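What the coordinates show
As a plain string of letters, each chain reads:
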Number of protein chains: 2
Amino acid sequence: MLILGIDPGSVVCGYGVIEFYSGKLSLIEYGSIKVKKKNEDLTQRLKEIFLRLNAVIDRTKPDIAVFETVFYSKNAQSLMKLSFARASAILATSLKDIKFAEFTPREIKKSVTGNGNAGKKQVQFMVRTLLKIQETPDFYDATDALATAICYAFRNQNIAKTSKTWTEFIKQNPDKILKI
Amino acid sequence: MLILGIDPGSVVCGYGVIEFYSGKLSLIEYGSIKVKKKNEDLTQRLKEIFLRLNAVIDRTKPDIAVFETVFYSKNAQSLMKLSFARASAILATSLKDIKFAEFTPREIKKSVTGNGNAGKKQVQFMVRTLLKIQETPDFYDATDALATAICYAFRNQNIAKTSKTWTEFIKQNPDKILKI
């Protein structure tokens, strides 16, 4: 099963695609869509997020898109900007008929570190460890997106058994299948 | 010039397309996208607004999309829902490279009725009068969308001179053009 985690901020939208198969996590790709701060044009910002995520989806063909639940923001303006970014990201996935899931920040931290109140550094450390990520420079913006994808994997261990990867495995290895 | 006014609410998204040519307003079409209250699925709601507006745009080919500026809402949850609907509508227009404009509620009321504090009924009365609308049943949801489009027309009287309609007129009436 291929899981796309998305962390849509109003300035940077992080994303990460992981594969979860037989209880094993593998990193497919991760990145961040940086929307220039100087670019104040809302319509272009939404378009940028939508089109870039569209390209990621076309490239990786995820089975599910997972988001962090948003409850509040520091003020109405920033909540609006955050909601706009989030809607663009959701539309990019729903127009491709990709299933949707979301978790609270607490659920995500708990899944990845074992502690629902874990700090950002601890989450980053665990994401790097679980996905065997060596790089650091561009990694940080995608941390929460990858953590969200990992959370989905850990909380849905059973679904991986009927995953796309398994079907692909059968196709590629017909001799290994027991015929009953 | 063809102007698309959009009023994206979280339950109903009203829209209206008008033509503005030589200082004259004409109604092209109006309607409302009703998103069922029972349908609590956010992703489907966003998709519905996006796809329905896409169809309106393909049908009417507007030159500009005009929105009412949103500043606040009664609470964070409703502001988020409103922002989601708004982002879907903006994306539907920006992905088709349609220009974007917005006005405050006060500017819209002032343009349509002459009074920035006009009530809803007064705005509805003027929209019906200006666009010669006879119907009432389905009209109300689209009132604010049409008022927004009219506001753009009245505040940009000069641009109508270089409108698409004029080009079409020349094409359809080549004999009426003075050759210099």
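Right, let's walk through the structure included here. Source: prediction; values computed, not measured.

So, the sheet that holds strand E3 (residues 24-34) of chain B
Residues and elements named next belong to chain B.
- Strand order in the open sheet made by the five strands is E3-E2-E1-E4-E5, with mixed pairing throughout. A strand with exactly one partner marks an edge of an open sheet, and here the two such strands are E3 and strand E5 (99-103). For this sheet, the mean angle separating the axes of adjacent strands, direction not counted, is 20 degrees.
- Sheet topology note: the strand E1 (residues 2-8)/strand E2 (residues 12-21) ladder contains seven bridges and is antiparallel. Pairing of isoleucine 6 across the sheet is with tyrosine 15, part of E2.

A short note on the interface of chain B and chain A
- Listed by partner, the interface residues are 22 residues for chain B and 23 residues for chain A.
- Taking both sides of the interface into account, the surface hidden between chain B and chain A amounts to around 2,100 Å²; carbon and sulfur atoms contribute 79%.
- Residues lysine 47 of chain B and aspartate 97 of chain A are paired through a salt bridge, measuring 2.5 Å at the closest nitrogen-oxygen approach.
- Summed over the shared surface of chain B and chain A, the number is four residue pairs in polar contact (both at pLDDT 80 or more).
- Going through the elements one at a time, helix H1 (42-60) and helix H2 (76-94) of chain B are the ones with two or more residues in the side of chain B that touches chain A.
- Per-element tally for the side of chain B that touches chain A: the top contributor is H2 of chain B, with eleven residues.

With respect to the sheet that holds strand E1 (residues 2-8) of chain A
Residues and elements named next belong to chain A.
- The mixed open sheet is built from five strands, whose spatial order is E3-E2-E1-E4-E5. Two strands in the sheet have a free side with no partner beyond their single neighbour: strand E3 (24-34) and strand E5 (99-103). Looking at each pair of strands side by side, their axes are set apart by 20 degrees on average, direction ignored.
- Alignment of E1 against strand E4 (residues 64-68), held across four bridges, turns out to be parallel. Counterpart to isoleucine 3 in the pairing with E4 is isoleucine 64.

Conventions we followed
Residue numbers run consecutively from 1 along every chain, following the written order of its sequence. For this description, chains carry letters from A and ligands carry numbers from 1, given in the order in which they are written. Per-residue local features of the predicted model are confined to residues with pLDDT of at least 70, and side-chain atom pairs are confined, for both listing and counting, to 80 or more; whole-chain, interface and lining totals are unaffected and use all residues. Computation of side-chain values covers all heavy atoms of the structure but excludes hydrogens and water. Here, strands pair whenever DSSP counts at least two bridges between them. Comment: elements are numbered from the N terminus, with helices defined as DSSP H or I runs of at least four residues and strands as E runs of at least two. Note on definitions: angles span 0 to 180 degrees between N-to-C directions of axes, and those axes are lines fitted to C-alpha atoms, for helices only across the stretch in contact. Contacts between residues were defined by any pair of non-hydrogen atoms, one from each residue, lying within 4.5 Å. Reported buried area values correspond to the accessible surface (1.4 Å probe) lost by two parts on association, with both partners' losses combined. Just to be clear on terms, a salt bridge is a Lys or Arg side-chain nitrogen sitting within 4 Å of an Asp or Glu carboxyl oxygen. By the criterion applied in these results, polar contacts are pairs of N or O atoms within 3.5 Å in which, for protein atoms, one can donate a hydrogen and the other can accept it, and in which residues neighboring in sequence qualify only through two side-chain atoms.

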